[in-house]
Amino acid sequence: MADFDFDVLVIGSGPGGYVAAIRAAQLGLKTACAEGRETLGGTCLNVGCIPSKAMLHASEYFDAAANGAFAKLGIKVKPELDLDAMHGQRKDAVKGLTGGIEFLFKKNKVEWVKGYATFTGPNTVKVGDRTVTAKNIIIATGSSVTPLPGVEIDQKVVVDSTGALELPKVPEHMVVIGGGVIGLELGSVWRRLGAKVTCVEFLDQILPGFDGEVRKEANKIMKKQGIEFKLGTKVTGVATKGGKATLTVEPAKGGASETIDADCVLVSIGRKPNTDGLGLDAIGLQVNNRGQIETDHDFRTKVPGVWAIGDVIPGPMLAHKAEDEGIAVAENIAGLTGIVNHDVIPSVVYTMPEIAGVGLTEEQAKEKGEVKVGKFPMLANSRAKTNHEPDGFVKVIADAKSDRVLGVWCIASVAGTMIAQAAQAMEFGATSEDIAYTCHAHPTHSEALKEAAMAVTGKPIHI
Ligand code: FAD
Ligand code: NAI
């Protein structure tokens, strides 16, 4: 060790980086983490998962009060929006959690090297004026918003997700470009708070990567809630003037163009890996044609002593995937065996109802072989029915011969929580019968998963 300042230097303190740093320190390695932001926690804690969920949670209550859901429970209220206070609780959540990472760094003796790191040579980076050397360097620099060519983000009229979390007033008409996860979540926030929301999606269906039936049902539910969709449509330009925007759109396959007026435009067409300014040339590391850093199964890059995890490498851009890779890479560096099962990474959209899935979609599963599918509607689940949450279903996809569960998809108020059980079952190689014969507490939404599993080979009871 004598030759290096640290055993491990992590670049970036998002869920990938901070978790890797803490695990490395727990394993007895002298560890530092370079972070250029003013607070730790990366995209997720500062401008991603946490603030978006703070706004989703608060706006969901507002919506429930404003649109009759509370009234159905016998609670009469006339809600009044205090947007400043709503933003205040969002900022408090971020402050508490980012401060929590700083506390954990101190507790675990991880040194925070403040500033952006640039490779200057093997095992060496510069952070501001400081040169730092480390035997192992983990790149965990995350991702940032993919720009839409010709559309300038001013964070006032045309915003990205960061701007959309902080709007000082409810827009009259928000146009969301991209019907993916961010578009649906943040579109829902502002729709609930009173904006008219139009979502322009290039493909002919929202939520690419999700199960086909789930995509269709999610579209139907979001439409019912008031979001207007323009599917199979591309934005060819956005002109802004005097606090307003005019979008020009045309069918994705070509055809006549039309214009849409809006006072807020959210660009949410995906995210791209952060490698600019990292000085990868100095160590001879190249990115692939999607701008990602490729690694082997152990998260080693092609350059000895350089590892990479999280949004900057291939795979879903999700905080829990980055976290698990953070633990695994630290364990691999320490000589243990850190593994992430990339086939079983759940994905959740935190709308109401939530939309979640793990494993293969029905389409993907059918491409691989014969499958059996069991479905159960939330309408027939006693708890969902009692709670006035009738929308959605659970779907279990199993291999026709072995009955092994290949994928589970779910639209339900607490789908994000329910999907953890499915992920665990799949991690243990469960069959649909294993889930069907597991005793589930009553009355819970999770019983719908049991009944969907029962539907794979036999019959559910409640439908
Ligand atoms: P990041 O969290 O992006 O962190 C990278 C860090 O590296 C940043 O802080 C950056 O400042 C720093 N950095 C970059 N370059 C350098 C450098 N050269 N030197 C020093 N520091 C550097 N995922 C979920 O699973 N659930 C959700 O609910 C969810 N919600 C989201 C909502 C929004 C609005 C957005 C935008 C994303 C959301 N995500 C969610 C995705 C999630 O935020 C990312 O997948 C996750 O943050 C990736 O973690 P990471 O550690 O790879 O990188
Ligand atoms: P996304 O990849 O989820 O969706 C982008 C959408 O934009 C796609 O449907 C795509 O077809 C569409 N699109 C692309 N170009 C377009 C164009 N020119 N015009 C119209 N539509 C276009 O990306 P999004 O929503 O920006 O999110 C980025 C990442 O952040 C995702 O990969 C996601 O994993 C992560 N995230 C995760 C969350 C969660 O787990 N709940 C919440 C928010 C973000």
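What counts and what doesn't
Residues numbered from 1 in each chain as written. Chains lettered and ligands numbered in written order. Predicted model: local features only at pLDDT ≥ 70, side-chain atom pairs only at ≥ 80, totals over all residues. Helix = DSSP H or I, 4+ residues; strand = E, 2+ residues; numbered from the N terminus. Rg over C-alpha atoms; globule rule 2.2 N^0.38 Å. Buried ≥ 20, exposed ≤ 12 C-beta atoms within 10 Å, placed from the backbone. Contact = placed C-beta atoms within 7 Å. Pairing = 2+ DSSP bridges. Axes fitted to C-alpha atoms, helices over the stretch in contact; angles between N-to-C directions. UniProt positions renumbered as here; feature names shortened; annotations may be inferred. Near = placed C-beta within 6 Å. Nonpolar A, V, L, I, M, F, W, Y, C, P; charged D, E, K, R; others polar. Expected span 1.5 Å × (residues − 1). Arc of directions from axis to C-beta.

Novice: How should the overall build of the protein chain be read in this particular structure?
Specialist: For the protein chain, the count of helices and strands is 14 helices and 22 strands. The globule rule puts the C-alpha radius of gyration for 463 residues at 23 Å, and the 23 Å found for the protein chain is close to it. Along the longest, intermediate and shortest principal axes, the C-alpha atoms of the protein chain span 65 × 60 × 45 Å. By the burial criterion, 47% of the 463 residues in the protein chain qualify as buried. Within the protein chain, residue pairs in contact and separated by at least 24 positions form 66% of the contacts whose partners lie at least 6 positions apart.

Novice: Please clarify how the sheet that holds strand 13 (residues 244–251) should be interpreted in this entry.
Specialist: Two strands in a sheet stick together by hydrogen bonds in their backbones, pointing the same way (parallel) or opposite ways (antiparallel). One open sheet holds the three strands; their spatial order is 12-13-14, and the pairing between them is antiparallel. Across the chains shown, the open sheet's two edge strands, defined by having one partner strand only, are strand 12 (233–241) and strand 14 (258–262). Adjacent strand axes in the sheet meet at a mean angle of 25° when their direction is disregarded.

Novice: Please clarify how the UniProt feature "domain: Pyridine nucleotide-disulphide oxidoreductase dimerisation" (unreviewed entry) in the protein chain should be interpreted in this entry.
Specialist: The positions that UniProt labels "domain: Pyridine nucleotide-disulphide oxidoreductase dimerisation" (unreviewed entry) are, in the present scheme, residues 345–453. For the annotated span residues 345–453, helix accounts for 34% and strand for 28% of the residues, and the straight-line distance between the end C-alpha atoms is 20 Å.

Novice: Mind showing me how you'd approach the sheet that holds strand 8 (residues 158–159) here?
Specialist: Spatial strand order, 8-15-9-10-11: five strands in an open sheet with parallel pairing. Looking at which strands have only one partner, the edges of the open sheet turn out to be strand 8 and strand 11 (228–230). Alignment of strand 8 against strand 15 (residues 264–267), held across two bridges, turns out to be parallel. In the strand pairing of strand 15, V159 is matched with L266. Lying on the sheet, helix 7 (residues 181–192) is in contact with strand 9 (173–177), strand 10 (196–200) and strand 15; it crosses strand 10 at an angle near 165°.

Novice: I keep staring at the site of ligand 1 and nothing clicks. Help me out?
Specialist: Close to ligand 1 lie 36 residues, the nearest being G12, G14, G42, G142 and G310. When contributions to the shell around ligand 1 are tallied by element, the ones reaching two or more residues are helix 1 (15–26), strand 2 (31–35), helix 2 (42–47), helix 3 (49–66) and helix 9 (319–333). Looking at the shell around ligand 1, its residues break down into 15 nonpolar, 18 polar and three charged.

Novice: Sorry if this is basic, but what is going on with helix 12 (residues 415–427) here?
Specialist: The α-helix winds at 3.6 residues per turn, so residues separated by three or four positions along the chain end up facing the same way. The end-to-end C-alpha distance of helix 12 is 18 Å, a good match for the 18 Å that 13 residues give at a rise of 1.5 Å each. For helix 12, the set of buried residues is A415, M418, I419, A422, A425 and M426. The buried residues of helix 12 occupy one face: seen down the axis, they fall within an arc of 110°. Residues of helix 12 that are buried make contact with strand 18 (347–349), strand 19 (354–359), strand 22 (405–412), helix 13 (432–436) and helix 14 (447–457).

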